Amino acid sequence: MPHSAYFKQSCRLCPRLAHFLDDVKQKHPDYHALPVAPFGDPNARLLIVGLAPGMHGANASGRPFTGDYAGLLLYKALYDFGFSNQLESTSLTDGLQLTNCRITNAVKCLPPQNKPTGDEIKQCNPYLAAEIKTLPKNAVILALGNIAHQAVLRAYGLKATAAKFGHHTLYDLPDGNKLVSSYHCSRYNVQTKRLNMEMLAAVFADIKDLLA
C-alpha cells in the first residue's frame with residue numbers, strides 16, 4: 001500500500017470530483033470510484049505520471065492505466081523494456097509486478113469528461129510533490145501529456161515556462177532528476193496517429209539509457 005504521506009484514499013478536497021465519484025459509485029457499485037493510488041515499485045527510479053484515472057479504466061479497477069485503451073501501449077512498453085513481468089494489466093489480482101517503475105497521475109480522481117480544472121490539478125499537486133521527494137537520486141520522471149508535464153514542473157516549484165512540452169523532450173530538473181515528456185498514450189492520440197508504439201518505444205529506449 002502506498003505511503004500515506006503522498007496519497008489519501010479518503011481525500012475529498014475537490015468537491016466537484018468527490019460528488020462525481022459518489023454518483024459514479026451509485027451507477028457502478030463494483031467500480032473503485034475513489035482516488036487511485038500509485039502503483040509499482042516503492043524504490044523505483046522511474047516515475048510515470050499520467051493525467052487522471054479513466055472512467056472504465058483506473059476508476060473501475062483501482063490501478064493506474066488498467067482496463068482501458070491507454071494502458072495497452074504503456075504496459076506493452078513497460079514489458080518490452082523490462083519494467084514489468086506481464087504484457088497486460090487487467091485487474092488488481094492479475095499478478096502484475098513492476099520493477100524499478102511506479103505509475104501515478106497528476107490528478108488522482110476521475111474528472112468529468114476526463115477534464116480536471118486548473119484548481120483541481122493544483123489541489124492534487126502536493127501529493128505528486130511528496131511522491132517525487134521519495135524518489136532516489138538520478139531518477140527519471142516520464143510525463144504523459146502536457147498536463148502531467150506541467151504538474152511535474154509545479155511540483156518542483158518551477159514556472160510553466162521553465163520547460164516547453166513536446167514529444168520525446170528531455171529536461172534537467174533542479175535536483176538532478178530528468179523529466180522526459182511524451183504524448184499521452186490515449187486512444188485519441190493513437191487513432192489520430194499523433195503517437196504510435198514505435199514512438200513510445202523510442203522514448204523508453206532513451207529512458208533505459210538514462211537509468212543505466
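The structure under discussion appears in the preceding block.
Just so we're clear, the structure is a prediction, and the values are computed from it rather than from any experiment.

K.L.:
An account of the overall build of the chain is requested, with residue identities and associated values reported.
P.N.:
Tallying secondary structure elements over the chain gives seven helices and six strands in all. N-terminal to C-terminal, the α/β element order of the chain is α-β-β-α-α-β-α-β-α-β-β-α-α. In terms of overall dimensions, the chain is globule-like: its C-alpha atoms have a radius of gyration of 16 Å, near the 17 Å expected for 212 residues. In terms of overall dimensions, the chain has C-alpha extents of about 45 × 35 × 35 Å along its principal axes. Relative to its full complement of 212 residues, the chain shows a buried share of 50%.

K.L.:
Any details on the packing of aromatic side chains? Residues and values, ideally.
P.N.:
A full pass over the atoms with the stated rule returns three aromatic pairs. Ring pairing ties together the aromatic residues F81, F83 and F204, which thus form one cluster. Across from the ring centre of Y183, 5.1 Å away, lies the NZ or CZ of R194, which sits over that ring. The cationic tip of K208 hangs over the ring face of F83; the distance from NZ or CZ to the ring centre is 4.8 Å.

K.L.:
Talk me through the environment of G118; I want residue IDs and the actual numbers.
P.N.:
Its place among the elements puts G118 in helix α4 (residues 118-133). Spatially, the C-alpha atoms of G118 and I147 are 9.6 Å apart, while their sequence positions differ by 29 residues.

K.L.:
Describe the packing of helix α3 (residues 69-80) against helix α7 (residues 197-211), listing the residues and the values that go with them.
P.N.:
The packing of two helices is summarised by the inter-axis angle and the distance between the axes. Between α3 and α7, whose axes approach to 10 Å, the crossing angle comes to 45°. With respect to α7, the element α3 is oriented oblique. The handedness of the crossing between α3 and α7 comes out as right-handed. For the pair α3 and α7, the contacting residues are L73, L74, K76, A77 and L78 in the first and M197, L200 and F204 in the second.

K.L.:
Which residues make up the sheet that holds strand β1 (residues 39-40), and what values go with them?
P.N.:
Spatial strand order, β1-β3-β2-β4-β6-β5: six strands in an open sheet with mixed pairing. Looking along the sheet, the strands with just one partner apiece sit at the ends: β1 and β5 (169-172). Summarising the sheet, strand β4 (residues 140-144) and strand β6 (residues 178-182) pair through five bridges and their orientation is parallel. Note on β6: the bridge partner recorded for I141 is L179. Helix-sheet contacts for α3 involve β1, β2 (46-50), β3 (101-105) and β4, and the interaxial angle to β3 is about 165°.

K.L.:
Account for the environment of Q86, naming residues and giving values.
P.N.:
For Q86, the position within the fold is in the loop between α3 and β3. Separated by 11 residues in sequence, Q86 and Y75 place their C-alpha atoms 7.9 Å apart. If sequence neighbours within four positions are ignored, Q86 has contacts with Y75, Y79, D94, G95 and L96. At 3.3 Å, the side chain of Q86 forms a polar contact with the backbone oxygen of D94.

K.L.:
Can you lay out α7 for me, pointing to particular residues and giving the numbers?
P.N.:
Here α7 contains 15 residues, and its C-alpha end-to-end distance of 21 Å stays within 8% of the 21 Å for a straight helix at 1.5 Å per residue. Buried residues of α7: M197, L200, V203, F204, I207 and L211, and no others. Looking straight down α7, one finds that the buried residues subtend no more than 125° of arc, so they occupy a single side. More than 90 degrees from the buried face of α7, the exposed residues found are E198 and D209. Elements that come into contact with the buried residues of α7 comprise β2, α3, β4 and β6. Two to three positions downstream of the cap, the backbone nitrogen of E198 sits 3.1 Å from a side-chain oxygen, assigning the N-cap of α7 to N196.

K.L.:
With reference to specific residues and values, describe the nonpolar core.
P.N.:
Ranked by size, the top nonpolar core spans 28 residues in total, and within it L46, I48, L78, F204 and I207 carry the most contacts. Of all the secondary-structure elements, those providing two or more residues to this core are β2, α3, β3, β4 and α7. With near-sequence residues (within four places) excluded, L78 lies in contact with I48, F83, S84, L98, C101, I103 and F204. One finds L47, L135, I141 and A155 within the second-largest nonpolar core, a separate group that totals 19 residues.

Calculation notes
- Residues numbered from 1 in each chain as written.
- Predicted model: local features only at pLDDT ≥ 70, side-chain atom pairs only at ≥ 80, totals over all residues.
- Heavy atoms only, no water.
- Helix = DSSP H or I, 4+ residues; strand = E, 2+ residues; numbered from the N terminus.
- Rg over C-alpha atoms; globule rule 2.2 N^0.38 Å.
- Buried < 20%, exposed > 50% of the residue type's maximum accessible area, 1.4 Å probe, protein only.
- Phe/Tyr/Trp six-rings, centres within 6.5 Å; stacked < 30°, edge-to-face > 60°.
- Lys NZ or Arg CZ within 6 Å of the ring centre and 35° of its normal.
- Axes fitted to C-alpha atoms, helices over the stretch in contact; angles between N-to-C directions.
- Parallel < 35°, antiparallel > 145°, perpendicular 65-115°, else oblique.
- Left-handed = near helix turned anticlockwise from the far one by under 90°.
- Contact = heavy atoms within 4.5 Å.
- Pairing = 2+ DSSP bridges.
- Polar contact = N/O pair within 3.5 Å; in protein donor to acceptor, adjacent residues only side chain to side chain.
- Expected span 1.5 Å × (residues − 1).
- Arc of directions from axis to C-beta.
- Core = buried A, V, L, I, M, F, W, Y, C linked by side-chain atoms within 4.5 Å.

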